[in-house]
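Examining the three-dimensional arrangement
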Amino acid sequence: MIGSKGSLNADHCEKEKVVFKKITLEKLGDLVSALKEKGPLYAPVRDGKAVNFQKITKTADVTLDFYNTVFSPKFVFFPQTEDLIRYTLQKEGAQAEPVPIAASPSVILGVRPCDAKSFEIMDRHFLGAGIIDPYWKNRRDNTVVIGYAFDPAAPPDPADFYNTVGIHAADTEGSDVFMVRKDGELLLKGITKKGESLLKGLAVLDAASAQDEAFFDETIRKDRGVKTRFTEITDTAIAAKLVGSFEKQEIWEEMTASCIGCGTCTFVCPTCYCFDINDETLFRKGARKRFWDACMFTDFTLEASGHNPRPRIFQRYRQKVCHKYSYHVTKYGCISCVGCGRCTRSCPVNIDIFSIVEKVANL
Amino acid sequence: MQNPYIPMPVEVVNIVTEVDTNDIKTFRFAFVNKEDEERFQYLPGQFAELSILGKGESPIGIASSPTQKGYIEFTVQRVANLSGGIVTAALHDLEVGARMGVRGPLGNSWPIEYLEGKNVVVVGGGFAFTTLRSLIHYMLKEENRSRFGDINVIYGARTPGLLCYKEELAAWEKRKDIRMHVTVDKRDETWTGREGFVPTVCREIAPSAENSVAVICGPPVMIRFTLPVFFELGFSKENIYTSLEMRMKCGIGKCGRCNVGEKYVCKDGPVFSLAELDTLTREY
Ligand SMILES: Cc1cc2nc3c(=O)[nH]c(=O)nc-3n(C[C@H](O)[C@H](O)[C@H](O)COP(=O)(O)OP(=O)(O)OC[C@H]3O[C@@H](n4cnc5c(N)ncnc54)[C@H](O)[C@@H]3O)c2cc1C
Ligand code: SF4
Ligand code: SF4
Ligand code: FES
């Protein structure tokens, strides 16, 4: 084992060798092509009014002019549906084959800091406790995350509240490479070893100057000034507050009265991980699939006997908030919400998780 | 890395219809691959996902004991409801020789180590007796018996025809190292044994709380009326254990379905002491 002195020195050397690159925005297409050559590339694509991450087939589709995507990029590691086993049913039983877990190295380009952080939160669930989820692990291990700072000059979306959960507009945590925009250029800095080796292998990039580096650091500093909605909470205090408010049914009913239980909030959320497993068969051929499910649906906990522990919407919404802000804290040591504001933006009846958490915090 | 979502192949080697209503059967499976059998190391109280491709999976308690080598058993009720009962119905349609899948063992077990050196009161109602049967077989095994104190078993069903494992019950009745108290809610002409509800029988037998642990599994109503009896007898919440049921899918604490508060019943349970349950939300 290397002693503490040894590792300090190693860190020091690392610092001197920071991998720092740049490219002009006009040449974004070249960067996209180069990344695509390395394996599947996921990047933001405009589709009508919405921008979402997609697997890139046409270089020109990629846009970096967006605030944040409607859906989170979690589907790269955890697709909305995927086949676990494919089978053919026969008289004497099923002919079955597990579907190999696709593990080609891939890149996600343009991930906002709150979303990059969400991957680490999900890691604690899928990789950090008990049985390791092989699907999540394989894809996480093989994917490089290129984070993308929010523009320090632009006001944050009113729904966002990532400051409340300790995230800033240019946090590099969770990213392998971090990207900052400078007038007509993109500056890219290696954050992890994985990110550095990706950058080193991209001949389309130019070396960045000391001035660029100063600009990069300045952006990170300025982004501390981007202020989203904020309420003072700590993980353990809000967890305890929620436990204390659990039995206060009237409050929960009132706060969630307009919710229709559509589940949209959970589908757009980067940290919701609930899934279902079901078999789908057509003409004797089929697949055991896993797909996103949501605690907001009536039948999520419905048992074969007809018993349902959470038949009412307020109970299901309370479960959602308690899961993210209490159970997750107790179980995994952190809140499982990154304040990205997606649920609030997408809710058809304007339910806002921030207001609910704020209210409970002040009970 | 072993993929925890892929079932191991098993073959149905025996099927016993347990009850006169024909809707509860015990399935005995043998592993198709020897390595799988070796990997499937379990303790009484654990469960497994039974998989029939094209139908799905169901979590079912393991009814056999690890002391019974070469096979595993599950006792399954065919669920009759409008929308569902898909997997349990498909299971009931199987014949000996059929192949299907098993994923497990899953969850925690009855607190075997904690039970050592103590008297054990086993209370079961209806077909929820399955993992208790596993526990009884385990404790009665020659090399294990001395690790436990007195064993009292209170087991009830609505009618004599609804009692499971009848031959085993009869065999246990004959033994000196276990006291059986089998009861039915309603007697019929075939029945010469006890009549009375499980909670009432518990009160009559009044097992001492001294150095004793109660392990209780049954329908919610039975549990609701049985617990007060044990409290009256002086059993503390730390010394009463039960097994929870929640709808499940993954069985390994990943799909988020079966939580009670911060616990996933499939992974942190299904066995909990009442003291542990007291710290959780009442959503089950
Ligand atoms: C830990 C545990 C142990 C169990 N042990 C036994 C046993 O020994 N014998 C027995 O007969 N039954 C047992 N059950 C209940 C059994 O799992 C359900 O009756 C069964 O899953 C119903 O499946 P189905 O496909 O026939 O019904 P459907 O209504 O078609 O259910 C669809 C799916 O939902 C899930 N599901 C539905 N109800 C339940 C439920 N109550 N619990 C868990 N998942 C559910 C299953 O994945 C099921 O396949 C146990 C449940 C749990 C949680
Ligand atoms: S909070 Fe809004 S988005 Fe979420 S389930 Fe309720 S209505 Fe749907
Ligand atoms: S709960 Fe809402 S704000 Fe929090 S991470 Fe999910 S979508 Fe974003
Ligand atoms: S069944 Fe999936 S978490 Fe328990």
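Worth saying up front: this structure is predicted, and the values here are computed from it rather than measured.

What counts, and where the lines are drawn
- Residues numbered from 1 in each chain as written.
- Chains lettered and ligands numbered in written order.
- Predicted model: local features only at pLDDT ≥ 70, side-chain atom pairs only at ≥ 80, totals over all residues.
- Heavy atoms only, no water.
- Helix = DSSP H or I, 4+ residues; strand = E, 2+ residues; numbered from the N terminus.
- Buried < 20%, exposed > 50% of the residue type's maximum accessible area, 1.4 Å probe, protein only.
- Contact = heavy atoms within 4.5 Å.
- pLDDT = per-residue confidence, 0-100.
- Pairing = 2+ DSSP bridges.
- Near = heavy atom within 4 Å.
- 1 Å grid on protein atoms, 1.4 Å probe; cavity = no way out; pocket = protein on both sides within 12 Å on 5 of 7 lines; lining within 4 Å.
- Sits in = over half its atoms within 2 Å of the grid points.
- Axes fitted to C-alpha atoms, helices over the stretch in contact; angles between N-to-C directions.
- Polar contact = N/O pair within 3.5 Å; in protein donor to acceptor, adjacent residues only side chain to side chain.
- Nonpolar A, V, L, I, M, F, W, Y, C, P; charged D, E, K, R; others polar.
- Buried area = accessible area lost by both parts, 1.4 Å probe.
- Salt bridge = Lys/Arg side-chain N within 4 Å of Asp/Glu carboxyl O.
- Domains from an automatic or database assignment.
- Expected span 1.5 Å × (residues − 1).
- Points joined across faces, edges and corners; volume = space filled by probe spheres on them.

**Concerning the overall build of chain B**
Helix and strand counts for chain B stand at 10 helices and 15 strands. Structurally, chain B occupies a C-alpha span of about 50 × 45 × 45 Å along its principal axes. The proportion of buried residues among the 284 residues of chain B is 57%. Counting contacts in chain B only where the partners sit at least 6 residues apart, residues at least 24 apart contribute 67% of the total.

**Structural notes on the confidence of the model for chain A**
Taken residue by residue, chain A gives an average pLDDT of 90. The fraction at 70 or more is 96%. In this model residues 1–15 of chain A is a low-confidence stretch, pLDDT under 50, and it forms 3 contacts with partners more than four residues away in sequence or in other chains.

**Quick notes on the pairing of strand β9 (residues 185–190) of chain A**
Residue and element names in this part refer to chain A. Among the 6 residues in β9, 5 count as buried, and that is most of the element. Relative to β9, strand β1 (residues 20–24) runs antiparallel, the two sharing 5 bridges. Along β9, the bridge assignment pairs F20 with K189. Two strands pair when backbone bridges link them, and strand β8 (residues 177–182) and β9 are joined in this way by 6 bridges, in the antiparallel orientation. Along β9, the bridge assignment pairs F178 with K189. Between β8 and the antiparallel strand that follows it, β9, lie 2 residues; D183 among them carries a positive phi value of about 45°.

**Quick notes on the site of ligand 3**
Near ligand 3 lie 13 residues; those nearest to it are C269(A), C337(A), V338(A), C340(A) and C343(A). Here ligand 3 is seated within the second largest cavity.

**Concerning the sheet that holds strand β4 (residues 81–90) of chain A**
Residues and elements named next belong to chain A. With antiparallel pairing, the 4 strands of this open sheet are ordered in space as β5-β4-β12-β11. Because the sheet does not close on itself, it has two edges, and the strands there are β5 (93–98) and β11 (275–282). Each strand axis lies, on average, 25° off the axis of its neighbour in the sheet, ignoring direction.

**Brief notes about helix α4 (residues 134–141) of chain A**
All names here are of chain A. Within α4, the full set of buried residues consists of P134, Y135, W136, R139 and R140. In the core, the buried residues of α4 are packed alongside β4, α3 (113–126), β7 (143–148), α5 (193–200) and β12 (285–292). One side-chain oxygen at the N-terminal end of α4 lies 3.1 Å from the backbone nitrogen of Y135; it belongs to D133.

**Points about the site of ligand 2**
Surrounding ligand 2, one finds 13 residues, the nearest of these being C259(A), C262(A), G263(A), C265(A) and C347(A). Taken together, the residues of the shell around ligand 2 sort by class into 10 nonpolar, 3 polar and no charged.

**Description of the interface of chain A and chain B**
When the parts of a complex come together, some accessible area is lost, and that lost area is often used as the size of the interface. Each side of the interface is counted separately: chain A has 47 residues, and chain B has 36 residues. Taken over both partners, the interface formed by chain A and chain B buries close to 3,500 Å², and the fraction arising from carbon and sulfur atoms is 57%. By the criterion of area lost to chain B, the three top residues of chain A are I131(A), R288(A) and K331(A), representing 16% of everything that side buries. Here chain A is connected to chain B by 5 salt bridges. The partner of E57(B) in a salt bridge is R288(A), with the nearest N and O atoms 3.3 Å apart. At the junction of chain A with chain B, the criterion picks out 26 residue pairs in polar contact (both at pLDDT 80 or more). Among the elements that take part in the side of chain A that touches chain B, helix α10 (residues 313–332) of chain A stands out by supplying 8 residues, more than any other. Looking at the side of chain A that touches chain B residue by residue, the classes come out as 25 nonpolar, 10 polar and 12 charged.

**Quick notes on the domain arrangement of chain B**
All names here are of chain B. The domains assigned to chain B are domain 1 (8–106) and domain 2 (112–243). The interface of domain 1 with domain 2 comprises 21 residues on the first partner and 17 residues on the second. Buried area between domain 1 and domain 2, both sides added, is near 1,500 Å², and the carbon and sulfur share of it is 60%. The largest share of the area that domain 1 buries against domain 2 comes from E18, P44 and T67, three residues that together contribute 31% of it. Linking domain 1 with domain 2 are 1 salt bridge. Between domain 1 and domain 2 we count 7 residue pairs in polar contact (both at pLDDT 80 or more) in total. Where the side of domain 1 that touches domain 2 is concerned, the elements lending two or more residues are β2 (24–31) and β5 (72–77).

**Some words on helix α6 (residues 210–222) of chain A**
Relative to the 18 Å expected for 13 residues at 1.5 Å per residue, α6(A) spans 18 Å between its end C-alpha atoms, a close match to the ideal helical length. In the core, the buried residues of α6(A) are packed alongside β1, β8 and β9 of chain A.

**Some details on the layout of surface pockets**
There is about 870 Å³ of room inside the second largest pocket. Lining the second largest pocket are 26 residues; nearest its centre among them are G93(A), A94(A), L53(B), R99(B) and M100(B). Those elements that provide at least two residues to the lining of the second largest pocket are β4 and β5 of chain A together with β1 (8–17), β3 (47–52) and β6 (99–106) of chain B. A per-element tally of the lining of the second largest pocket places β5(A) first, with 5 residues. For the lining of the second largest pocket, the residue count by class is 15 nonpolar, 4 polar and 7 charged.

**A look at empty space enclosed by the protein**
All names here are of chain A. Within this structure, the stated rule accounts for 5 cavities of 30 Å³ or more. Looking at the largest cavity, it is lined by 14 residues, and the ones nearest its centre are C259, C265, Y317, C347 and I351. Secondary structure elements with two or more residues in the lining of the largest cavity: α9 (264–268) and α10. Its residues assigned to classes, the lining of the largest cavity shows 10 nonpolar, 3 polar and 1 charged. Volume-wise, the second largest cavity comes out at about 80 Å³. Forming the walls of the second largest cavity are 14 residues, and the residues nearest its centre are C269, C337, G339, C340 and C343. When contributions to the lining of the second largest cavity are tallied by element, the ones reaching two or more residues are α10 and α11 (342–346). A class-by-class count of the residues in the lining of the second largest cavity yields 8 nonpolar, 3 polar and 3 charged.

**A look at the pattern of salt bridges**
Residues and elements named next belong to chain A. Within the structure shown, the criterion is met by 42 salt bridges over all chains. Here D65 and R181 are joined by a salt bridge, their closest N and O atoms 2.9 Å apart. On the criterion of sequence distance, the pair formed by D65 in the loop between β3 (50–55) and β4 and R181 in strand β8 is long-range, its members being 116 residues apart. A residue is classified by how much of its surface remains accessible, and D65, at 48% relative accessible area, is partly exposed.

**Focus on the sheet that holds strand β12 (residues 240–243) of chain B**
Residues and elements named next belong to chain B. Taken together, the 7 strands give an open sheet; going across it, the order is β10-β9-β8-β7-β11-β12-β15, and neighbouring strands pair in mixed fashion. The open sheet has two edge strands, β10 (194–195) and β15 (271–273), and neither has a second partner. When strand β9 (residues 179–184) meets β10, the two strands line up parallel, connected through 2 bridges. Bridged to T183 within β10 is R194. Against the sheet, helix α4 (residues 130–140) engages β7 (119–125), β8 (151–157) and β11 (212–217), with an angle of about 150° to β7. Each of β7, β8, β9 and β10 is contacted by helix α7 (residues 198–205), which is oriented at about 150° to β8, the strand it contacts most.

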